[in-house]
Amino acid sequence: MEYIVKTENLVFEYKIQVQTEGEEATTETEAALNGVDIAVKKGEFVAVLGHNGSGKSTLAKHINCLLSPTAGTMWVKGISVADEERIWDIRSSVGMVFQNPDNQIIATIVEEDVAFGAENLGVPPAEIRKRVDEALASVGMAQYAENPPHFLSGGQKQRVAIAGILAMRPDIIVLDEPTAMLDPIGRREVMNVVKKLNREEGITIIFITHFMDEAAQAERIIVMEEGKIAMEGTPGEVFAQIAPLKAIGLDVPQVAEIAAGLREAGINLPQGLLTVDALVEEICRLR
Ligand code: ADP
Ligand code: MG
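Asks: Could you clarify how one ought to interpret a nonpolar patch on the surface in this entry?
Replies: Together, Ile267, Ile283 and Leu286 line one region of the surface with nonpolar side chains, adding up to about 220 Å² of accessible area. Of note, Ile267 is situated in the loop between α10 (254-264) and α11 (276-285). Judged by relative accessible area, which is 32%, Ile267 ranks as partly exposed.

Asks: Explain the layout of surface pockets to me, please; I cannot follow it from the model alone.
Replies: A probe matching the size of a water molecule, rolled over the atoms, marks out where space remains unfilled. By volume, the largest pocket amounts to about 580 Å³. Gly95, Met96, Gly117, Ile165 and Met168 are, among the 24 residues lining the largest pocket, the residues nearest its centre. Contributing elements (two or more residues each) for the lining of the largest pocket: α2 (87-91), β7 (94-97), α3 (110-120) and α5 (154-166). The leading source of residues in the lining of the largest pocket is α3, at five residues. For the lining of the largest pocket, the per-class residue count stands at 14 nonpolar, eight polar and two charged.

Asks: Please explain unusual backbone geometry as it appears in this structure.
Replies: Glycine aside, negative phi is the norm for most residues, and most peptide bonds take the trans geometry. Phi at Asn9 takes a positive value of approximately 50°, unusual for a residue other than glycine. Summarising the element assignment, Asn9 is placed in strand β1 (residues 3-18). Overall, the relative accessible area of 47% leaves Asn9 in the partly exposed class. Its identity is not glycine, yet Glu226 carries a phi of approximately 50°, on the positive side. In this structure Glu226 comes out as exposed when scored by relative accessible area, which is 61%.

Basis of the calculations
- Residues numbered from 1 in each chain as written.
- Chains lettered and ligands numbered in written order.
- Predicted model: local features only at pLDDT ≥ 70, side-chain atom pairs only at ≥ 80, totals over all residues.
- Heavy atoms only, no water.
- Patch = residues over 30% accessible without salt bridge, like charges linked within 9 Å, V, L, I, M, F, W, Y side chains within 5 Å.
- Areas by Shrake-Rupley, 256 points an atom, 1.4 Å probe, with all protein chains shown as cover.
- Salt bridge = Lys/Arg side-chain N within 4 Å of Asp/Glu carboxyl O.
- Helix = DSSP H or I, 4+ residues; strand = E, 2+ residues; numbered from the N terminus.
- Buried < 20%, exposed > 50% of the residue type's maximum accessible area, 1.4 Å probe, protein only.
- 1 Å grid on protein atoms, 1.4 Å probe; cavity = no way out; pocket = protein on both sides within 12 Å on 5 of 7 lines; lining within 4 Å.
- Points joined across faces, edges and corners; volume = space filled by probe spheres on them.
- Nonpolar A, V, L, I, M, F, W, Y, C, P; charged D, E, K, R; others polar.

Purely geometric stuff here, so don't read any function into it on its own.
Right under this line is the structure:
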């Protein structure tokens, strides 16, 4: 099996300088990843859940070598992140989307912003023109190509940020809570674009979120807790574990909880119901 992202016993410690008055500065370490083993297949759509401080962003930053492991091993596209000569190969294959859309937009015109990353990769101008047009079309933002990004909604800005990454032709896109600052419409726009890129262009997606309904749309969910993998499986499998999820401070999608309650009351419903439509269909079937 070919994995596009794989880790073995990945450990990461932040070094923090502590200065107390009258004493010399000392360095303390804060373990953010405590032995993470994950394996993501090419073309997979994986959601990562976990409450604040569980290590999600730290893991994300390893995937494009913004951070390098304190211990353990990690491979991206089969390349070890310890292979310094090939870090550029990894960086140019992994696009990152962060939480705040305003921090990711640099240029004053949408299409210039989308071109920025590809220009830095040294892509020739004619090719950039083509890639920018394609990328803006992919995220449904072609009509805004010549607008200033300033007036766009949060969801539109995140889609522009995603277009900028697409113009770099990545194999993997890592999104770290890309919808956290968006309204429901923006969240849906971003989710739909990400799903389309995964389905139609085969881009591997690693999607960090604290929205259960978004995680429910992934192929697989990884749940992190205290720098470790606490649970892993399909959305149906993970969201069936209502008590363990609640014990680590996470919710389950409302539909999963309602279905579990009905099942407890003796109503014969299958496992893995996650959407209102699926639940309604099963309830209608009972009559
Ligand atoms: P999450 O994204 O799941 O909220 P993070 O990866 O940001 O978690 O943080 C994991 C742990 O590492 C937390 O305990 C956090 O306080 C610590 N941490 C994160 N960033 C830094 C940093 N720059 N310096 C020191 N500690 C950090
Ligand atoms: Mg985070």
